[in-house]
Amino acid sequence: MKILVLMSTYNGEKYIKEQMDSILSQKDVECYVLIRDDGSKDDTLQLLRTYDGNDRIRIITGKNCGYIRSFSILVEEASKMKGFDYFAFADQDDRWYPHKLFIAINRLTKENKDLPLLYCSNSEIINADGRLKGELFVKHPCQIRKGNILINTLTQGCSMVFNRNALILYAENPPVKTIHDRWLMMLCIFMGGKIIYDHTPLFAYRVHESNAIGVRKKSKGWNAIKDSFRYWFCDKKERPFYIMAKEFHKRMKDKLNENDLIILEKYVNYRKSIFHRIRFMFAKEYLPYTPTFKRILVQDVHILTNKV
């Protein structure tokens with residue numbers, strides 16, 4: 001089974017070799033890596049070039065454009081490459097377990113290959129020193145629905161493996177403001193595809209001070225209720241998930257069926273009035289991955305800062 005891994009790097013010298021070695025050591029798959037360095041100022045590119053001569057690795061370079069555009073460039077380039085039926089996103093600082101890609105592809109082969117297909121898995125969290133801190137999603141497997149992916153972080157780009165139909169869909173409709181993983185999820189689930197979630201951790205997700213995306217602690221108890229109330233009723237600032245949903249609505253609304261458009265617009269328009277907010281709060285389509293009072297669960301993963 002041949003698969004192409006897409007990785008955007010930027011100032012990743014500290015962890016890039018460990019990640020690359022874990023990708024190249026994947027078992028029972030024929031793994032290739034397409035890397036775009038987004039104008040690193042450290043020794044990332046020099047470390048990557050130590051793999052020169054390995055015909056499974058291709059490196060392209062360019063000016064710093066940010067990870068959103070950098071991943072879109074990778075997708076566009078991959079769409080022109082023949083011989084690959086499966087693709088994966090990779091971060092520059094994680095550590096993959098040996099059968100991560102084999103398990104993902106094996107699961108995807110059981111689905112209708114004519115659809116845009118996306119496989120995601122759980123992960124274990126490690127700190128900067130590589131020490132295990134626990135699983136990202138501990139208590140409950142994700143229940144992915146069209147509504148809840150708009151408002152919850154249900155998985156990570158570094159867990160994603162997808163087929164060519166999903167890749168082409170992305171290449172033909174690249175995002176401007178939306179993170180690559182969230183964009184691919186919205187495309188697949190709203191454009192007739194399927195998302196498969198595996199609660200088994202298949203890689204170690206490293207959390208450190210230079211993360212562009214990171215994990216934050218959730219509020220608990222009464223503080224969680226107060227935080228949720230402020231977020232949905234008092235906060236006037238447009239948060240990242242809302243901005244990304246607005247972009248998807250603007251770009252893709254003419255391609256959606258009526259029911260899916262209603263689900264999307266109920267979220268995009270919830271800030272119009274108190275009536276819209278209340279209606280949205282109790283709309284069943286947006287329940288998170290656990291059947292509890294939905295706003296008590298604060299997003300596990302969020303944008304910390306864009307370092308690029």
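Starting afresh in each chain, residues are numbered from 1 along the sequence in its written order. Totals for whole chains, interfaces and linings use every residue, but because this is a predicted model, local features are given only for residues with pLDDT of at least 70 and side-chain atom pairs only at 80 or more, for both listing and counting. Calculated side-chain values reflect all of the structure's heavy atoms, with hydrogen atoms and water omitted.

Let's talk about the overall build of the protein chain
Consideration 1: Starting at the N terminus, helices and strands are each numbered in turn, a helix being any DSSP run of H or I of at least four residues and a strand any DSSP run of E of at least two. The secondary structure content of the protein chain amounts to 11 helices and 11 strands.
Consideration 2: Within the protein chain, the proportion of its 308 residues that are buried is 52%.
Consideration 3: Counted over contacts in the protein chain with a minimum sequence separation of 6, partners at least 24 positions apart contribute 78%.
Consideration 4: Surface accessibility in these figures is a Shrake-Rupley result with a 1.4 Å probe; residues are shielded only by whichever protein chains are displayed. Of the roughly 14500 Å² that the protein chain leaves accessible, carbon and sulfur atoms contribute 52%. Any residue under 20% of the maximum accessible area for its type is buried, any over 50% is exposed, and the rest in between are partly exposed; the area is computed with a 1.4 Å probe on protein chains only. Here, residues are in contact when the closest pair of their heavy atoms is within 4.5 Å.

Examining the pairing of strand β6 (residues 117–126)
Every other side chain in a regular strand lies on the same face of the sheet, so the side chains alternate between the two faces.
Consideration 1: With nine of 10 residues buried, β6 is to be regarded as a mostly interior element.
Consideration 2: Think of it this way: DSSP has to see at least two bridges between two strands before they count as a pair. When β6 meets strand β9 (residues 194–206), the two strands line up parallel, connected through nine bridges. Paired with Asn-122 across the bridge in β9 is Pro-201.
Consideration 3: With two bridges joining them, β6 and strand β8 (residues 161–163) adopt antiparallel strand pairing. What sits directly across from Leu-118, in β8, is Phe-162.
Consideration 4: What sits between the antiparallel neighbours β6 and strand β7 (residues 132–135) is a turn of five residues, in which Gly-130 has the positive phi angle 90°.

As for helix α10 (residues 258–268)
Consideration 1: When α10 is considered as a whole, its buried residues turn out to be Asp-260, Ile-263, Leu-264, Lys-266, Tyr-267 and Val-268.
Consideration 2: Residue Asn-257 occupies the N-cap position of α10, its side-chain oxygen lying 3.2 Å from the main-chain nitrogen of Asn-259. A 3.5 Å cut-off defines polar contacts: any pair of N or O atoms within that distance qualifies, except that in protein one atom must be a possible hydrogen donor and the other a possible acceptor, and neighbouring residues in sequence count only when both atoms are side-chain atoms.

What to know about a nonpolar patch on the surface
Consideration 1: Candidate patch residues must exceed 30% relative accessible area and have no salt bridge, after which like charges are joined if within 9 Å and Val, Leu, Ile, Met, Phe, Trp or Tyr side chains if within 5 Å. A side-chain nitrogen of Lys or Arg and a carboxyl oxygen of Asp or Glu constitute a salt bridge if their distance falls within 4 Å. Judged by side-chain polarity, Ile-274, Phe-275, Ile-278 and Phe-282 come together as a nonpolar surface patch covering roughly 470 Å² of accessible area.
Consideration 2: Take Ile-278: it is sitting in helix α11 (residues 274–281).
Consideration 3: According to the relative accessible area criterion, Ile-278 is partly exposed, its value standing at 41%.

Some remarks on the state of the cysteines
One way to say it: the disulfide is the covalent bond shared by the sulfur atoms of two cysteines.
Consideration 1: Counting rule for disulfides: a pair of cysteine sulfur atoms within 2.5 Å. Under the counting rule described, the total for this entry stands at zero disulfides.
Consideration 2: No disulfide involves Cys-120; its sulfur sits 8.5 Å from that of Cys-188, the nearest cysteine.
Consideration 3: For Cys-120, a relative accessible area of 0% gives the class buried.

Here we look at the packing of helix α7 (residues 180–190) against helix α9 (residues 240–252)
Consideration 1: Following both chains from N to C, one finds α7 and α9 inclined at 45°, their axes separated by 11 Å at the closest point. Classified by the interaxial angle, the pair formed by α7 and α9 is oblique. Note that α7 runs across α9; the crossing there is right-handed. Across from Arg-182, Trp-183, Met-186, Leu-187 and Phe-190 in α7, the residues of α9 making contact are Phe-241, Met-244, Glu-247, Phe-248, Arg-251 and Met-252.
Consideration 2: Three classes are used: nonpolar for Ala, Val, Leu, Ile, Met, Phe, Trp, Tyr, Cys and Pro, charged for Asp, Glu, Lys and Arg, and polar for all others, with Gly counted as polar. For the contact of α7 with α9, the residue count by class is eight nonpolar, no polar and three charged. Axis angles are defined between N-to-C directions and span 0 to 180 degrees, where every axis is a line fitted to C-alpha atoms and, for a helix, only to the segment in contact. For classification purposes, angles smaller than 35 degrees are called roughly parallel, those larger than 145 roughly antiparallel, those between 65 and 115 roughly perpendicular, and all remaining angles oblique. Each crossing gets its hand from how the near helix is turned against the far one by less than a right angle, where anticlockwise is left-handed and clockwise is right-handed.

Quick word on helix α4 (residues 100–108)
Consideration 1: Lys-100, Leu-101, Ala-104, Ile-105 and Leu-108 are the residues of α4 that are buried. The buried residues of α4 occupy one face: seen down the axis, they fall within an arc of 115°. Taking the helix axis as origin, the arc is that swept by the directions to the C-beta atoms.

Points about the packing of aromatic side chains
Consideration 1: Two rings from Phe, Tyr or Trp (for Trp, the six-membered ring) form a pair when their centres are within 6.5 Å of each other. A pair whose planes differ by under 30 degrees is stacked, one over 60 is edge-to-face, and the rest are tilted. Per the stated rule, a full pass over the model turns up 11 aromatic pairs.
Consideration 2: With a centroid separation of 5.4 Å and 75° between ring planes, the pair formed by Tyr-32 and Phe-84 is classed as edge-to-face. In this pair, Tyr-32 sits in strand β2 (residues 30–37) while Phe-84 sits in the loop between α3 (67–79) and β4 (86–90), placing the two residues 52 residues apart along the sequence.
Consideration 3: When the ring of Phe-89 is compared with that of Phe-162, the centres are 4.9 Å apart and the planes differ by 50°; the resulting orientation is tilted.

Examining the side chain of Asp-260
Consideration 1: In this structure, Asp-260 sits in helix α10.
Consideration 2: What makes Asp-260 buried here is its relative accessible area of 5%.
Consideration 3: Of the polar contacts made by the side chain of Asp-260, one reaches the side chain of Lys-146; its length is 2.8 Å.
Consideration 4: Those residues in contact with Asp-260 that sit more than four places away from it in its chain are Lys-146 and Phe-190.

Comments concerning the pattern of salt bridges
Consideration 1: All chains considered together, the criterion is met by 11 salt bridges.
Consideration 2: A salt bridge links Glu-18 to Arg-95; the shortest N-O distance between them is 2.9 Å. Pair noted here: Glu-18 is in helix α1 (residues 16–24) and Arg-95 is in strand β5 (residues 95–96), with a separation of 77 residues, a long-range link.
Consideration 3: Among the residues examined, Glu-18 registers a relative accessible area of 32% and is labelled partly exposed.
Consideration 4: The salt bridge partner of Glu-111 is Lys-194, with a shortest N-O separation of 2.9 Å. You can see Glu-111 sitting in the loop between α4 and β6 and its partner Lys-194 sitting in strand β9, a full 83 residues away along the chain.
Consideration 5: Here Glu-111 falls in the buried class, since its relative accessible area comes to 17%.
Consideration 6: Since its relative accessible area comes to 33%, Lys-194 is described here as partly exposed.

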